[in-house]
Amino acid sequence: MTEVEPRRLPPEFRQQPLTARLLDDFSLCPRKFLLSFFVTEQDERRLRGGPAMLHQAVRQALLAIYQLGGPAERPLDELRACFEQHWDGRRCADALEEQQLHRAGHEMLERYHAAHVSDARRLVAHDLRLTGTAGGQELVAVADLVLQGQDANLDVIRFVTARRPLSEAELAHDLSAQVLWLLAQEHFRDRSPRVWYHALRQGRYREVVLDQAQATHLREDLAARVGRIHREEEFAPRRGPYCRWCRSRAGCPLWQR
């Protein structure tokens, strides 16, 4: 263990918003949570592999096309061009992965465009930052799109490019989906928004649904999680199978022995 290894959260921690990922990190391994605040931009770029680059390029292409009018007004070739502008295969493991992911990106966008070419919903917001508080600290989640239909209902959407996306039952218990749902309800308090995860590989929407009891429990759970973080002093590491893909492994004392 080196002398420069961080033992405390940075002084500005309480002024920074917490994401669901960070809250999950703390539950999984407090040291991973602590070290995540000291990961450099260079480390972050190194750890972002091909699938992350694919997601970023597909997401940016869809956001860009919606700002131009959406699939109902813009041709598929324009969506493809947007993808190429954002695609960067240098983070792929090898040429084969780069080829496979590049093809998968085009397939997802082609499927999406075909399914939404007659979609009359209008864009309300894109890349929308949603915030709230729990335990005296700000929480944040990001919605990729917010669309409004003719019935004035709002659809809050997050895109998913994973090969095995969560089912609706799993989403109801996934902290990231729960936080997105909660903050969307608070942000659009009088609009009763529906929250969707759109699995782009499968071309399928899955709704995130929480009832009143679940929402109450979630608020209590979030406040309790934040409280435990504020009281934590040791940030002891916990070794597990998740260590192999931990973005903070290089600074973990368990892997320096």
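Going by the structure above, here's the rest.
In this report, the structure presented in the accompanying data block is examined. (Residues numbered from 1 in each chain as written. Predicted model: local features only at pLDDT ≥ 70, side-chain atom pairs only at ≥ 80, totals over all residues. Heavy atoms only, no water.)

1. Observations concerning empty space enclosed by the protein
The probe, sized like a water molecule, is rolled over the atoms to show the empty space still left. As enumerated under the stated definition, the model contains one cavity of 30 Å³ or more in all. Around the largest cavity sit 14 residues that line it, and Cys-29, Lys-32, Cys-243, Cys-246 and Cys-252 are the ones nearest its centre. For the lining of the largest cavity, the per-class residue count stands at eight nonpolar, one polar and five charged. (1 Å grid on protein atoms, 1.4 Å probe; cavity = no way out; pocket = protein on both sides within 12 Å on 5 of 7 lines; lining within 4 Å. Points joined across faces, edges and corners; volume = space filled by probe spheres on them. Nonpolar A, V, L, I, M, F, W, Y, C, P; charged D, E, K, R; others polar.)

2. Describing the side chain of His-113
Looking at where His-113 falls in the secondary structure, it is placed in helix α6 (residues 95-116). Among the polar contacts listed, one links the side chain of His-113 to the backbone oxygen of Pro-71, at a separation of 3.5 Å. The residues contacting His-113, other than those within four sequence positions of it, are Pro-71, Arg-74, Pro-75, Leu-76 and Leu-79. (Helix = DSSP H or I, 4+ residues; strand = E, 2+ residues; numbered from the N terminus. Polar contact = N/O pair within 3.5 Å; in protein donor to acceptor, adjacent residues only side chain to side chain. Contact = heavy atoms within 4.5 Å.)

3. Looking at the packing of aromatic side chains
Where two aromatic rings form a pair, the distance of their centres and the angle of their planes describe that pair. In this structure the tally under the stated criterion is 10 aromatic pairs. With a centroid separation of 5.4 Å and 85 degrees between ring planes, the pair formed by Phe-13 and Phe-37 is classed as edge-to-face. Of this pair, Phe-13 sits in the segment before α1 (20-28) while Phe-37 sits in the loop between α2 (30-35) and α3 (41-47), and the two are 24 residues apart along the sequence. For the ring pair Phe-26 and Phe-33, a centre distance of 5.4 Å and an interplane angle of 80 degrees mean the geometry is edge-to-face. (Phe/Tyr/Trp six-rings, centres within 6.5 Å; stacked < 30°, edge-to-face > 60°.)

4. Looking at the packing of helix α5 (residues 76-86) against α6
Here α5 crosses α6 at 145 degrees, and the two axes come no closer than 10 Å. The handedness of the crossing between α5 and α6 is right-handed. Contacts between α5 and α6 involve Leu-76, Leu-79, Arg-80, Phe-83 and Glu-84 from the former and His-102, Gly-105, His-106, Leu-109, Glu-110 and His-113 from the latter. Here the residues of the contact of α5 with α6 are counted per class, giving four nonpolar, four polar and three charged. (Axes fitted to C-alpha atoms, helices over the stretch in contact; angles between N-to-C directions. Left-handed = near helix turned anticlockwise from the far one by under 90°.)

5. With respect to the sheet that holds strand β2 (residues 137-148)
Pairing is mixed across the open sheet formed by five strands, whose spatial order is β1-β2-β3-β4-β5. Each having just a single partner strand, β1 (122-134) and β5 (204-208) make up the two edges of the open sheet. Going from strand to strand, the sheet's axes swing by 40 degrees on average, the running direction of each strand aside. Here helix α8 (residues 175-187) sits on the sheet and contacts β1, β2, β3 (154-160), β4 (194-199) and β5; the angle it forms with β1, its principal contact strand, is near 100 degrees. (Pairing = 2+ DSSP bridges.)

6. Quick look at the pattern of salt bridges
Using the criterion set out here, one finds 13 salt bridges in the structure. A salt bridge links Asp-127 to Arg-59; its shortest N-O distance comes to 2.6 Å. With Asp-127 in strand β1 and Arg-59 in helix α4 (residues 50-67), this residue pair connects regions lying 68 residues apart in the sequence. Overall, Asp-127 belongs to the partly exposed group, its relative accessible area being 41%. The shortest N-O distance in the salt bridge between Glu-110 and Arg-80 comes to 3.0 Å. A residue pair is termed long-range when its members are at least 10 positions apart, and Glu-110 in helix α6 and Arg-80 in helix α5 qualify at 30 residues. One salt-bridge network, held together by shared partners, links Asp-119, Arg-121, Asp-155 and Arg-194. (Salt bridge = Lys/Arg side-chain N within 4 Å of Asp/Glu carboxyl O. Buried < 20%, exposed > 50% of the residue type's maximum accessible area, 1.4 Å probe, protein only.)

7. Observations concerning the packing of α4 against α5
Geometrically, a packed helix pair is captured by the angle between its two axes and the distance between the axes. At a closest axis distance of 8 Å, the pairing of α4 and α5 adopts a crossing angle of 135 degrees. On the basis of their axis angle, the class for α4 and α5 is oblique. Here the hand of the crossing between α4 and α5 comes out right-handed. Contact with α4, carried on its side by Leu-54, Ala-57, Val-58, Gln-60, Ala-61, Leu-62, Ala-64 and Ile-65, involves Glu-78, Leu-79, Cys-82, Phe-83 and His-86 of α5 and no other residues of that element. In terms of residue class, the contact of α4 with α5 is made up of 10 nonpolar, two polar and one charged. (Parallel < 35°, antiparallel > 145°, perpendicular 65-115°, else oblique.)

8. Remarks on the layout of surface pockets
One number sums up the size of the largest pocket: a volume of about 2,000 Å³. In terms of lining, the largest pocket is formed by 46 residues, of which the most central are Arg-21, Arg-48, Ala-52, His-55 and Ser-176. When residues in the lining of the largest pocket are grouped by element, the largest group, seven residues, is from α4. If you add up the space inside the second largest pocket, you get close to 180 Å³. Lining of the second largest pocket is provided by 10 residues; of these, Arg-21, Leu-22, Ser-36, Phe-37 and Arg-247 occupy positions nearest its centre. Of the residues contributing to the lining of the second largest pocket, the split by class is four nonpolar, three polar and three charged.

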